[in-house]
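# Residue-level structure breakdown
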There are 2 protein chains.
Amino acid sequence: MSLKFAILGLLDEEPHYGYEIKQKFEHMMGDLWPVSYGQLYPTLRKLAEDDLVTMKTVQGKKAVEKNVYSITDQGSTYFKNWLNNKKKKIQISIKDEFTLSLFFLDRIDPIDAEDILRDKLYELQEKHQYYTEEYQRYTENTAEYKKALMRKMLLHLDAEQKWIQELLDS
Amino acid sequence: MSLKFAILGLLDEEPHYGYEIKQKFEHMMGDLWPVSYGQLYPTLRKLAEDDLVTMKTVQGKKAVEKNVYSITDQGSTYFKNWLNNKKKKIQISIKDEFTLSLFFLDRIDPIDAEDILRDKLYELQEKHQYYTEEYQRYTENTAEYKKALMRKMLLHLDAEQKWIQELLDS
DNA sequence: CACAACATGTAAGATGTTACATGATTGA
DNA sequence: TCAATCATGTAACATCTTACATGTTGTG
């Protein structure tokens, strides 16, 4: 569970409430890593159950209540241990619906098959262009990590395009 | 759910029993896409419940019983519809534990941080070499798709290595 | 005889998405 | 006043992994 560590990492700097964690995290990630409330709140509850964080309800502006979470010593140790020691897996994703469907491409008309590949290539090019422009909008003030993450996305989009181009050429 | 379509695709050629589906699929995928029984059997049951496949218990050699699954007309239509029409998503995975941990790398000693990057780069190089040798063992008889899948893996491993190298250089 | 391979499954949990449900506050 | 944003959550489902449980058959 990555989100668990993302939350602990944020809380290890300062306390945050749920809504804020989502906004801050997604902004940091350049919107490349969305978080749903359906995952966020249950995860926060579980972290509290495990005594890795504590929760305190705070009155915000007027009648708005916020649940502010703080990391515990246990939580901080757990996080730092993860950061320093644990072998962390990288994900090279080749298990997706599109890739699977190519396996069965010989079942359909070769002309349709080529169309499918060209469509996907076009889709990838558009995505690449969108993220390239996004990347160029970044300034010197943009956090290094955010740039790096976008760079990673672009490199993998390059790889994917190259792959599909190779398939078309063969 | 990708596995569902993988199963239907196999059954759309000829009937298979569960164990065989796993073996055949993983072999076709060059062992890049493992399938657990904990996922396979419940998925087969669900496909049967949805009338996309039918199950028939058959006596194999001696006392061994096999549950042979066949695709129904409904299932065949469903599969072909997926193959021809549905917009299928590609997965560019940037949401993994390792990538996340880099976000917090400024919390640890820069020398340790560099070590972590170098370790991962080394790990990726080993993996790359392993798969390259695997790829070279493929012959003209090897199914095109199997080669293509391995090629995709290698291209994304290249991208990942390039990314980490860039991080080290900066 | 032991061990690998064949064959089928369940239970529990991890990790996530989508849709629903509720209500306050702010700005146009 | 109306929509966007702020704020918190639940329920159902989807997908997948790991560990457990059971028994047969073929091979050295």
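The following refers to the structure shown. (Residues numbered from 1 in each chain as written. Chains lettered and ligands numbered in written order. Predicted model: local features only at pLDDT ≥ 70, side-chain atom pairs only at ≥ 80, totals over all residues. Heavy atoms only, no water.)

## Details of the relation of the copies chain B and chain A
To be explicit about the condition: For the least-squares superposition of copies, only C-alpha atoms count, and only for residues with pLDDT at least 70 in both. Whether two residues are in contact is decided by their heavy atoms, any of which lying within 4.5 Å being enough.
Between chain B and chain A, the superposition needs a rotation of 180 degrees and an axial shift of 0.0 Å, giving an RMSD of 0.0 Å. Within this description, the copies of the chain are treated as partners about a two-fold rotation axis. A high fraction, 100%, of the interface residues of chain B reappear at the interface in chain A, so the copies pair face to face through one surface.

## Side note on the sheet that holds strand β1 (residues 16–17) of chain A
Residues and elements named next belong to chain A. To be explicit about the condition: Here a strand pair is declared whenever DSSP counts at least two bridges between the two strands. Secondary structure elements are defined from DSSP: runs of H or I of at least 4 residues count as helices, runs of E of at least 2 residues count as strands, and each element is numbered from the N terminus.
Taken in spatial order, the three strands make up an open sheet running β1-β3-β2, and their pairing is antiparallel. Bordering the open sheet on either side are β1 and β2 (53–59), each of which pairs with just one other strand. Direction of pairing for β1 relative to strand β3 (residues 65–71): antiparallel, over a ladder of two bridges. Looking across to β3, one finds that Tyr17 is bridged to Val68.

## Let's talk about the environment of Met29 of chain A
Put simply, the test is: Relative accessibility thresholds used throughout: buried, under 20% of the residue-type maximum; exposed, over 50%; partly exposed, between the two (1.4 Å probe, protein chains only).
As for its placement among the helices and strands, Met29 of chain A is situated in the loop between α2 (18–28) and α3 (37–49). A relative accessible area of 1% places Met29 of chain A in the buried class. Taking the C-alpha atoms as reference points, Met29 of chain A and Ala148 of chain A, separated by 119 residues in sequence, lie 9.8 Å from one another. What Met29 of chain A contacts, discounting residues up to four positions off in sequence, is Tyr145 and Leu149 of chain A together with Leu100 and Phe103 of chain B.

## Structural notes on the interface of chain B and chain A
Test applied: Accessible-area loss on putting two parts together, using a 1.4 Å probe and summing over both, is the definition of buried area adopted here. The salt bridge definition used is simple: a Lys or Arg side-chain nitrogen within 4 Å of an Asp or Glu carboxyl oxygen. We call Asp, Glu, Lys and Arg charged. Ala, Val, Leu, Ile, Met, Phe, Trp, Tyr, Cys and Pro are nonpolar, and the rest, Gly among them, are polar.
In this assembly, 59 residues from chain B lie in contact with 59 residues from chain A. Of the roughly 5900 Å² buried at the junction of chain B and chain A (both faces included), carbon and sulfur atoms supply 67%. At the boundary of chain B with chain A, the tally comes to eight salt bridges. Where Lys152 of chain B meets Asp96 of chain A, a salt bridge forms, and the shortest distance between an N and an O atom there is 3.7 Å. Ranked by the residues each element gives to the side of chain B that touches chain A, the list is headed by helix α7 (residues 144–169) of chain B, at 16 residues. A per-class count over the side of chain B that touches chain A returns 34 nonpolar, eight polar and 17 charged.

## Some thoughts on the environment of Leu105 of chain B
Residues and elements named next belong to chain B. With respect to the element layout, Leu105 can be found in the loop between α5 (97–103) and α6 (110–137). Owing to a relative accessible area of 13%, Leu105 belongs among the buried residues under this scheme. Note: C-alpha distance between Leu105 and Ile116 (eleven residues apart in sequence) is 9.3 Å. Discounting chain neighbours no more than four positions away, the residues touching Leu105 are Ala113, Ile116 and Leu117.

## Things to note about unusual backbone geometry
All names here are of chain A. Positive phi, normally seen in glycine, also occurs at Asp31, with a value near 60 degrees. The topology assignment puts Asp31 in the loop between α2 and α3. Positive phi values are uncommon outside glycine, yet Asp51 reaches one of about 60 degrees. Residue position: Asp51 is located in the loop between α3 and β2. Residue classification places Asp51 among the partly exposed residues on the basis of a relative accessible area of 47%.

## Some remarks on the packing of aromatic side chains
Note the threshold: Geometry of aromatic contacts follows a simple scheme: Phe, Tyr and Trp rings, the Trp one being its six-membered ring, pair when their centres are within 6.5 Å, and the pair is stacked under 30 degrees between planes, edge-to-face over 60, tilted otherwise.
Across all of its chains, the model carries 22 aromatic pairs over all chains by this definition. Aromatic pair Phe103 of chain A and Phe104 of chain A: ring centres 5.1 Å apart, planes at 85 degrees, arrangement edge-to-face. What makes Phe103 of chain A buried here is its relative accessible area of 16%. Look at Phe79 of chain B and Trp82 of chain B: their rings are 5.9 Å apart centre to centre, the planes differ by 35 degrees, and that puts the pair in the tilted class. Linking Phe79 of chain B with Trp82 of chain B, this pair stays in helix α4 (residues 73–84), spanning three residues, or about one helical turn. In this structure Trp82 of chain B comes out as buried when scored by relative accessible area, which is 2%.

## Side note on the sheet that holds strand β3 (residues 65–71) of chain B
Pairing between sheet strands relies on hydrogen bonds along the backbone, with the strands arranged either parallel or antiparallel. Residue and element names in this part refer to chain B. As a reminder of what qualifies: As a rule, the C-alpha atoms of each element are fitted with a line to give its axis, helices using only the stretch in contact, and angles between N-to-C directions run from 0 to 180 degrees.
The strand order across the open sheet formed by three strands is β1-β3-β2, and the pairing between neighbours is antiparallel. Single-partner strands in this sheet number two, and they are β1 (16–17) and β2 (53–59). Contacts from helix α1 (residues 2–11) reach β1, β2 and β3, with the element oriented near 90 degrees to β3.

Remember that the coordinates give geometry; whether it matters functionally is a separate question.
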